[in-house]
Amino acid sequence: MPEESQQSPSLQRADARNPWLFDTHELSRRPGSSLPLRRELPVETALGVPDVVEVPSGSTVTVDLLLESVVEGVLVSGTASARTEGQCSRCLDPVSGDVEVSVTELFAYPESTTEETTEEDEVSRIVDDWIDLEPMVRDAVVLALPLAPLCSEDCEGLCSVCGVKWADLEPGHGHETIDPRWAALVQRLEDTPGGDTADGSDR
Ligand SMILES: [Zn+2]
Ligand SMILES: [Zn+2]
């Protein structure tokens with residue numbers, strides 16, 4: 001107990017500095033022991049592509065995870081979910097939605113075989129009992145975001161000529177397009193007095 005009361009303040013400080021860090025000390029390297037972890041984690045830098053779809057900065061990602069002690073380290077698995085904001089790829093209206101993704105990641109103990117046989121960036125590490133959930137969650141969420149979000153599956157998008165949403169246009173909306181070669185002729189007929197009665201009656 002005295003050890004714990006000594007450690008807690010420093011852990012809380014670390015926690016307040018970066019809520020994405022989690023202390024695995026409680027698992028005490030006993031393979032088979034596990035710890036549930038459900039948290040709302042703050043998003044400081046938006047995840048995704050601005051003006052397409054993103055988890056905006058200032059929002060949160062909810063993680064619902066199980067941390068399991070295994071021989072090589074701590075296996076983290078569960079889900080991450082968040083609200084998304086973006087715009088419809090067809091009509092450009094704002095679209096909000098949800099993203100939920102499964103995650104599974106091994107955080108290797110220092111000096112474990114896994115740690116010693118993999119490259120630095122190949123596998124996540126446990127540093128002084130701490131794991132950093134951010135890279136894992138960030139990568140998984142970004143990959144799960146839709147490439148072309150839609151306001152509705154059958155969104156008809158915009159008229160390619162006037163750029164107005166089809167949903168806002170009259171049924172049968174269209175633009176008369178005249179071949180430029182005919183345009184001059186039409187112009188001449190319109191300029192000729194009585195040109196519109198010239199159809200055969202003169203000849
Ligand atoms: Zn749309
Ligand atoms: Zn139009």
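Before any of the text, the structure's been laid out above.
As the structure is a prediction and not an experimental result, all values here were calculated from the model. (Residues numbered from 1 in each chain as written. Chains lettered and ligands numbered in written order. Predicted model: local features only at pLDDT ≥ 70, side-chain atom pairs only at ≥ 80, totals over all residues.)

1. Description of the overall build of the protein chain
Each helix and strand in the protein chain was counted, giving 4 helices and 9 strands. Helices and strands appear in the protein chain in the N-to-C order α-β-β-β-β-β-β-β-α-β-β-α-α. The contacts of the protein chain with a sequence gap of at least 6 include a subset with a gap of at least 24, amounting to 54%. (Helix = DSSP H or I, 4+ residues; strand = E, 2+ residues; numbered from the N terminus. Contact = placed C-beta atoms within 7 Å.)

2. Some thoughts on helix 3 (residues 134–144)
Residue pairs spaced three or four apart in an α-helix point in one direction, given the helix's 3.6 residues per turn. Among all positions of helix 3, only M136, V137 and V141 are buried. Taken down its axis, helix 3 places every buried residue within 115° of arc, on the same side. Opposite its buried face, helix 3 presents the exposed residues P135 and L143, each directed more than 90 degrees away. On its buried side, helix 3 packs onto strand 3 (47–49), strand 4 (53–55), strand 5 (60–70), strand 6 (73–87), strand 7 (94–108) and strand 8 (124–125). (Buried ≥ 20, exposed ≤ 12 C-beta atoms within 10 Å, placed from the backbone. Arc of directions from axis to C-beta.)

3. Some points on the nonpolar core
Formed by 26 residues in total, the largest nonpolar core has its most connected members in V61, V74, I131, L133, V137 and V141. Every element with two or more residues in this core is listed here: strand 4, strand 5, strand 6, strand 7 and helix 3. Apart from residues no more than four positions distant in its own chain, V74 is found in contact with T24, L27, L67, E68, S69, F107, I126 and I131. (Core = buried A, V, L, I, M, F, W, Y, C linked by C-beta atoms within 7 Å.)

4. With respect to the environment of V137
Within the element layout of this structure, V137 appears in helix 3. Sequence separation of V137 and V61 is 76 residues, and the distance between their C-alpha atoms is 8.5 Å.

5. Here's the deal with unusual backbone geometry
Although it is not a glycine, L92 adopts a positive phi angle of roughly 70°. Its 14 C-beta neighbours within 10 Å are what place L92 among the partly exposed residues. Unlike most non-glycine residues, D129 shows phi in positive territory, near 75°. With 17 C-beta atoms counted inside 10 Å, the residue D129 sits in the partly exposed group.

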